[in-house]
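Here is what each chain is made of, one letter per residue.
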2 protein chains.
Amino acid sequence: MYFEIFRQMNKQLGQIDKWLDATDAYAKAKSIEPNLFLDFRLAPDQFPFVRQVQIVTDTTKLAAARLTGKEAPTFADTEKTIDELRARVKATRTFLDGLVAADFDAAATRVITQPRWEGKVMSGANYFLEHALPNFYFHLNAVYALLRHNGVNLGKRDYLGALTQTTP
Amino acid sequence: MYFEIFRQMNKQLGQIDKWLDATDAYAKAKSIEPNLFLDFRLAPDQFPFVRQVQIVTDTTKLAAARLTGKEAPTFADTEKTIDELRARVKATRTFLDGLVAADFDAAATRVITQPRWEGKVMSGANYFLEHALPNFYFHLNAVYALLRHNGVNLGKRDYLGALTQTTP
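Please read these numbers as outputs of a predicted model, since none were measured by experiment.

Caption draft 1: Quick look at the interface of chain A and chain B. Taken together, the contact pairs 42 residues of chain A with 42 residues of chain B. When chain A packs against chain B, the two sides together hide about 3,900 Å² of surface, and 60% of this comes from carbon and sulfur. The interface formed by chain A and chain B holds 4 salt bridges in total. As a salt-bridge pair, Asp45 of chain B and Arg148 of chain A come within 2.9 Å of each other at their nearest N and O atoms. At the junction of chain A with chain B, the criterion picks out 15 residue pairs in polar contact (both at pLDDT 80 or more). Secondary structure elements with two or more residues in the side of chain A that touches chain B: helix 1 (2-30), helix 4 (124-149) and helix 5 (156-160) of chain A. Residue composition of the side of chain A that touches chain B, by class: 21 nonpolar, 14 polar and 7 charged.

Here you go:
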């Protein structure tokens, strides 16, 4: 199910694009500078909006890279505008678009580590379920909540996107 | 992977218990009534804290029930205190604790619907990936963000909980 969940994460990153459009529209209606949003925070000791977008894209690309062995795109983390955040989301989605189901064949049993774990490791399966997926949604929702809190016109449909429904 | 993801959702619901403990501790340190938190919102037109906890437990129990055919516990939605929210989380987790991997054998191909979809249906696989899982994390993070925004002492470790790490 790894591939299917990454396809969903890719879709959710695409929703960020729509949220950024709504942010531009809100700023225009209020005659404020839209790039001000990049520094907003939900709490003084929580990362600002720009960092939340950086982390949700990093979490996705690094999880996909670690679970497939593919090389992820690198970003300079220097975004100053909403347009630069759009480009980062787009580059992350392009990387995900290039992955196929077979790339994840060995995902569950890969050995994953990162510097902050000080030598400890996780199986790919545990890393994905306990770390990557919760962190992805944590930062995705931090992005959404920051915009909602600051007045941008968003609702649950903008979060979920289109659903694959049929008429029986 | 359905069973494994529901086990993770169960773990995340357990983290809410720790967040409620931190809320009690914060309220005590500030000499405020902890149950005030139930009415807090991140935006005037977003559901308050009590409703976010109600929805994250409902989303979990209903998804598990729809994908397994088991009957979920029902709640009166009348919680007025943090202790009553604790009881709701606990009852939801007890329901999840009773499920085994084989209960999800037919999950992907079940036909799921709900009244607000006006007759349309989703496959169990699409419902889980596109609707249940994103909604679960949406409301889980709304609970977390509301507390963080209002000063409760929480961090990423309180969100993720313990990780299954080993020393190679």
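On we go from here.
Caption draft 2: Summary view of the side chain of Gln114 of chain A. All names here are of chain A. Here Gln114 is to be found in the loop between strand 1 (111-112) and strand 2 (122-123). A residue is classified by how much of its surface remains accessible, and Gln114, at 13% relative accessible area, is buried. Residues contacting Gln114, with those up to four places away along its chain left out, are Arg66 and His131.

Caption draft 3: Spatial organisation of the relation of the copies chain A and chain B. Its rotation angle being 180°, the transformation that places chain A on chain B also includes 0.0 Å of axial translation and leaves an RMSD of 0.0 Å. Both copies are brought into coincidence by an operation consistent with a two-fold rotation axis. Comparing interface residues between copies, 100% of those in chain A also sit at the interface in chain B, which points to an isologous, same-surface contact.

So, how was this worked out
- Residues numbered from 1 in each chain as written.
- Chains lettered and ligands numbered in written order.
- Predicted model: local features only at pLDDT ≥ 70, side-chain atom pairs only at ≥ 80, totals over all residues.
- Heavy atoms only, no water.
- Contact = heavy atoms within 4.5 Å.
- Buried area = accessible area lost by both parts, 1.4 Å probe.
- Salt bridge = Lys/Arg side-chain N within 4 Å of Asp/Glu carboxyl O.
- Polar contact = N/O pair within 3.5 Å; in protein donor to acceptor, adjacent residues only side chain to side chain.
- Helix = DSSP H or I, 4+ residues; strand = E, 2+ residues; numbered from the N terminus.
- Nonpolar A, V, L, I, M, F, W, Y, C, P; charged D, E, K, R; others polar.
- Buried < 20%, exposed > 50% of the residue type's maximum accessible area, 1.4 Å probe, protein only.
- Least-squares fit on C-alpha atoms with pLDDT ≥ 70 in both.

By themselves, these are just geometric observations and shouldn't be taken as functional.
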